[in-house]
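Chains, contacts and geometry: an overview
Residues per chain, in single letters:
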Amino acid sequence: MEAGDEDSTAALMSRYLSAAPGKGVPEEGWRICLAHEFKEKRKPFQARDVSLANMVEHVGLGVRYLKWWYRKTRVEKKAPFIDMFHALPLRQIYGVPMGGFGGGTITRGWRGEFCRWQLNPGMYHYKTVIANQFTVCLRRGGQTVYQQVLSVERPPTLQGWNWGYCGSYAFYHALYPRAWTVYDLPGQNVTLTCRQVSPVIPHDYEDCSLPAAVLVWEIENRNDFALDVSIMFTMINGSGHKDDKKGGHWNEPFRLEKDGEAVSGVLLHHCTAINPYTLAIAAREQPGRDISHQTAFSPRGTCRGLWDDLITDGRLDSPTGPSPPTQKGENVGAALAARCTVAAMGQNTLEFSLAWDMPKMTFGSGEKEHLRRYTRFFGSRGDAGQALSVHALTQYRDWERRIKDWQRPILQDRALPGWYKSALFNELYFLADGGTVWVELPPDCDITGGLHSEQGGLPAQPPILKEYGRFAYLEGQEYRMYNTYDVHFYASFALIMLWPKLALSLQYDMAGCVVREDCTQRLHLMSGLVSPAKTRNVVPHDIGDPDDEPWQRVNAYLIHDTADWKDLNLKFVLHVYRDFYLTADRQYLHDMWPICQAVMESELKFDKDGDGLIENSGYADQTYDGWVVSGASAYCGGLWIAAVCVMCKMARLLDCESVYQRYRDLLERGSAAFDKLLWNGQYYNYDSSGRPFSNSIMSDQCAGQWFLRASGLGEGDFQAFPTEKVRQALRTVFDLNVMQFAGGKMGAVNGMRPEGVPDCSSVQSDEVWVGVVYGLAATMIHEGMVEEGMRAAEGCYRTVWERLGMAFQTPEAYCERGIFRSLAYMRPLSIWAMQLALERRAAQPEGSEATETVPQSTHTVSSTETVETRLNTGTDSNTVPPKETEPETRNGVPHTDAVPPNSPVQSSDQDLVSSKEGDSCTSAQ
């Protein structure tokens, strides 16, 4: 651990009074004493934080938004996709969420609270349920000598319980998808380590979908006498929502044996009219373990009866039969206790699980019922709680083995700083806790909306969607739009590197949206103009709002008409080639090629002067949707040049010579115009408009080059930007946007003036966007500026995780002082682009430039294999190896990404549209 990592950990652990290290807690990760208090308290961005000039400029937006917000919330009784009047306050409490992908999540805070709930798809409930606790009971010689709720809280309810555990004798450690809480019981010579494990495992598409987690209690007895130790797990039937008191909820005990293993527990049936679910708390039966339960208790009043039940003999009464349904206004809880004997100077283990079963779900519209992914393995009848519990408690050791095998090479790399290892794994929380849904493709679904291949679309049900399902995650917990594509551009590195089939599934869904249209006329709040909800042959902003009907009604975003945004189509094209490059999936390239041609044709209309370079339209028409850009721009212009370069590469791979020549001409002319209009000798100007702020230094100005490098391009025949100019621009960004901002300790500000002060011309130009900084860092690493890239990214990590208390809720943005914006955001997943860049550099011979190779540790092909040889030799990631063949491993993780044997790997020419020029080549040859 480096000195900087030691110093920061020491600050978060300064109030820890014990020397107990806990059992099996790793060195790497995010660690904090339960008594720690963050000194800095920030507030969310609000209207009063807008400058007077910007306020005047956006009066129309404010008026239109207010009218729309009132209609949405007061008339339609729906939640707005962005609520500008009720931004989430900062609660510096969150820890690792429990559960896999797409089945909902329950987040425990770093002090042990059950405090963030996402059971209804995409809709969050931020409520700490105080009765959800673990309690320890120590007995010696038949007498209870110690009983304590393992919580630092002192609530006004449940006064019959012993609250107020001293936080100075406990610490929390997070390394997603696992977490540890160590309690050194004062005066007892006993240390408890609670290890939380969720089935988040790269290249796993079964257990990774499970709505379950395991909580393993390691008990260390340092006394010279034996102790009987009981751990009691209490859980309320519900999530603290008002629905908890609507009545009709009930609990029942269960015991299930399977394959020689047995678990006991309680099922808590939450019987709401919409999206009913069952919680299951369970413990594993083993020799020397005693499992007992209390089917139902009321959390009202002192709840002394339950406390005394445990204190009497270290176990609970264990009544048989179900509890009666609750009456309106009532809450009901359940309790489960596991007991074991711990020998003098010995150790022992107790294992609990928490699962939640909501197999069928509806979004806010209620129009369609969706089956969650895990129902493929556990059924959809709503009775899977017992089976999920058995599976979790019997398989978690294998989960942990595979997690360790995946993480070990990175954690053991001494060249990587500790903060980076923590950030790399802990930022993955958002893939599960981003309002994520993972559902089965309905049998009658046509992703193209009926526009089949002969009209330029796709198969109605692409095999990858049928086999791996549909995956969607929110732009942010506050910005409720699924698969927001301009932001997914950054975040997608985590998916394509770790769960590539989900990344490709998402791309197929997005491609299906491209060819569809929705002529419903909508008012756009920024301009006040009316336009269609979705235009054909352009990439949508998002696939919908969870409070409506995602996939069916796309573009929940209403601020701008994104059909005229300049970045979305380009990002799709860049995605396609990068994904092919990293997966060698030929079928994917076949299917996406006509879609790429269609969106590039749509994009060409933005080249108003015919110089080969697109122009922005004088408003915020790209992912920086509050930062006006006009004319040629570094960001969108750079993405355009990169996309044109990628089109050349794909056309050459597919033997589409006329398409290649067309885009080669565009590349040469566009690159010349880009350089002429924007390069000033030190960096690329923000835009070419000549406005007072057009020469600002944008931290994201090399985004196009970033994706080219990530795709093995950017050199030789497929060089789009002069290497020395790119590196000079990055040096300028580092010197000014990073080092001249906040003392070089908060990352890179989006916009910086040449004189060394932040660009305050918009509400976004003086912000730091964490995900953009990680992408910038990746670009620097690709270009050999490893130290500078690490320095920029480190500033974001230390600001968010160590100074501001935003663990497991990394925001989209923060300013130098006072405010932040949009907690728990998608874009910071781009830190995995840094890992890709580091792996690519490690795979290169020392002193060489970037070459078109793939780092073996994260991808399906040899590090010496080029994309040409994949096509020419027939290498195909859709081919399933024979059963007797050992599966390929990546960082020790078995690779199970193959498409089923009956999936097509070739397309006939008649299944694909012709190019606009009449070129017969429209598919991979």
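For clarity, every value in this text was computed on a predicted model and none was experimentally measured. (Residues numbered from 1 in each chain as written. Predicted model: local features only at pLDDT ≥ 70, side-chain atom pairs only at ≥ 80, totals over all residues. Heavy atoms only, no water.)

**Some thoughts on the side chain of glutamine 148**
- When you line up the elements, glutamine 148 lands in strand 7 (residues 143-149).
- Here glutamine 148 is in contact with Phe134, Thr135, Val136, Asn162, Trp163, Gly164, Tyr165 and Trp307, once residues within four sequence places are set aside. (Helix = DSSP H or I, 4+ residues; strand = E, 2+ residues; numbered from the N terminus. Contact = heavy atoms within 4.5 Å.)

**Details of the pattern of salt bridges**
- For the coordinates displayed, the defined rule picks out 51 salt bridges.
- Notably, a salt bridge pairs arginine 178 with glutamate 400, separated by 2.6 Å at the nearest N-O pair. You can see arginine 178 sitting in strand 9 (residues 178-185) and its partner glutamate 400 sitting in helix 6 (residues 385-411), a full 222 residues away along the chain.
- Among the residues examined, arginine 178 registers a relative accessible area of 7% and is labelled buried.
- Put simply, arginine 691 and aspartate 687 hold a salt bridge, and the shortest N to O gap is 2.8 Å.
- Each of the salt bridges in this network shares a partner with another, and the network as a whole consists of Asp204, Asp398, Arg401, Arg402, Asp405 and Arg408. (Salt bridge = Lys/Arg side-chain N within 4 Å of Asp/Glu carboxyl O. Buried < 20%, exposed > 50% of the residue type's maximum accessible area, 1.4 Å probe, protein only.)

**A word on the packing of aromatic side chains**
- One pass over the full model with this rule turns up 58 aromatic pairs.
- Between phenylalanine 101 and tryptophan 499 the ring centres are 4.8 Å apart and the planes differ by 65°, which places this aromatic pair in the edge-to-face class. Here the residue phenylalanine 101 occupies a position in the loop between strand 3 (94-98) and strand 4 (105-109), and tryptophan 499 occupies one in the loop between helix 10 (485-498) and helix 11 (500-515), the gap between them amounting to 398 residues.
- For phenylalanine 101, a relative accessible area of 0% gives the class buried. (Phe/Tyr/Trp six-rings, centres within 6.5 Å; stacked < 30°, edge-to-face > 60°.)

**Some words on the sheet that holds strand 3**
- Read across the open sheet, the three strands follow the order 3-4-5; overall the sheet is antiparallel. The sheet is open, and its two borders are formed by strand 3 and strand 5 (114-118), each paired with just one other strand. With strand direction ignored, the average angle separating the axes of adjacent strands in the sheet is 25°.
- Two elements, strand 4 and strand 5, share four bridges in a ladder whose sense is antiparallel. Counterpart to arginine 108 in the pairing with strand 5 is phenylalanine 114. (Pairing = 2+ DSSP bridges. Axes fitted to C-alpha atoms, helices over the stretch in contact; angles between N-to-C directions.)

**Some details on the confidence of the model for the protein chain**
- Of the residues in the protein chain, 90% have a pLDDT of 70 or more, and the chain-wide mean is 91.
- Within the model, pLDDT remains below 50 along residues 851-920, and this stretch shows 168 contacts once partners closer than five positions in the same chain are excluded. (pLDDT = per-residue confidence, 0-100.)

**Some thoughts on the packing of helix 12 (residues 568-583) against helix 14 (residues 634-653)**
- Running from N to C, helix 12 and helix 14 cross one another at 45°; their axes reach a closest spacing of 9 Å. Between helix 12 and helix 14, the crossing angle belongs to the class labelled oblique. Helix-helix and strand crossings are classified by hand; for helix 12 and helix 14 the assignment is left-handed. Taking contact as the criterion, the partners of Leu570, Lys571, Val573, Leu574, Val576, Tyr577 and Phe580 in helix 12 are, on helix 14, Tyr635, Cys636, Leu639, Trp640, Ala642, Ala643, Val646, Met647, Lys649, Met650 and Leu653.
- Counted by class, the contact of helix 12 with helix 14 contains 16 nonpolar, no polar and two charged residues. (Parallel < 35°, antiparallel > 145°, perpendicular 65-115°, else oblique. Left-handed = near helix turned anticlockwise from the far one by under 90°. Nonpolar A, V, L, I, M, F, W, Y, C, P; charged D, E, K, R; others polar.)

**Things to note about unusual backbone geometry**
- Of note, the bond from tyrosine 176 into proline 177 is cis; its omega dihedral lies within 30 degrees of zero at 10°.
- Considering the arrangement of structural elements, one finds proline 177 in the loop between strand 8 (170-175) and strand 9.
- One non-glycine residue, asparagine 555, lies in the positive phi region at around 60°.

**Notes on a nonpolar patch on the surface**
- A surface patch of nonpolar side chains, about 320 Å² in accessible area, is lined by Leu52, Met55 and Val56.
- Positionally, valine 56 belongs in helix 2 (residues 52-57). (Patch = residues over 30% accessible without salt bridge, like charges linked within 9 Å, V, L, I, M, F, W, Y side chains within 5 Å. Areas by Shrake-Rupley, 256 points an atom, 1.4 Å probe, with all protein chains shown as cover.)

**A word on the state of the cysteines**
- Under the definition given, this model contains zero disulfides.
- Of all cysteine sulfurs, the one in cysteine 340 lies closest to cysteine 137, which takes part in no disulfide; the gap is 12 Å.
- Not engaged in a disulfide, the cysteine cysteine 194 finds its nearest cysteine sulfur in cysteine 340; these two sulfurs lie 14 Å apart.
- The exposure class assigned to cysteine 194 is buried, which follows from its relative accessible area of 1%. (Disulfide = S-S within 2.5 Å.)

**What about the pairing of strand 5?**
- Counting buried residues in strand 5 gives five out of five residues, a clear majority hidden from the surface.
- Linking two consecutive strands that pair antiparallel, namely strand 4 and strand 5, is a turn of four residues; a positive phi of about 100° is found at glycine 112 within it.

**Focus on the side chain of glutamate 351**
- Mapped onto the elements of the fold, glutamate 351 is located in strand 18 (residues 347-357).
- Exposure remark for glutamate 351: the relative accessible area of 3% places this residue in the buried category.
- Within the structure, the side chain of glutamate 351 is placed 2.4 Å from the side chain of tyrosine 396, a separation counted as a polar contact.
- Within the structure, glutamate 351 has its side chain in polar contact with the side chain of arginine 397 (distance 3.2 Å).
- Excluding anything up to four places from it in sequence, glutamate 351 contacts Leu215, Val216, Ala282, Ala283, Arg284, Gln286, Leu393, Tyr396 and Arg397. (Polar contact = N/O pair within 3.5 Å; in protein donor to acceptor, adjacent residues only side chain to side chain.)

**Brief notes about the nonpolar core**
- In terms of nonpolar packing, the biggest core is built from 302 residues, with Trp30, Phe101, Trp217, Phe572 and Trp832 touching the most fellow members.
- A per-element tally of this core places helix 14 first, with 16 residues.
- Filtering out sequence-adjacent residues up to four positions away, tryptophan 217 remains in contact with Phe134, Leu150, Tyr183, Leu192, Thr193, Cys194, Ile231, Asn348, Thr349, Leu350 and Phe352. (Core = buried A, V, L, I, M, F, W, Y, C linked by side-chain atoms within 4.5 Å.)

**Some thoughts on the sheet that holds strand 6 (residues 133-140)**
- Strand order in the open sheet made by the five strands is 7-6-12-17-16, with antiparallel pairing throughout. Every other strand in the sheet has two partners, leaving strand 7 and strand 16 (290-297) as the edge strands with one partner each. Pairs of neighbouring strands in the sheet enclose a mean axial angle of 20°, with direction left out of account.
- As paired strands, strand 6 and strand 12 (residues 227-236) are joined by seven bridges and run antiparallel to one another. Opposite valine 136, over in strand 12, you have isoleucine 231 as the bridge partner.

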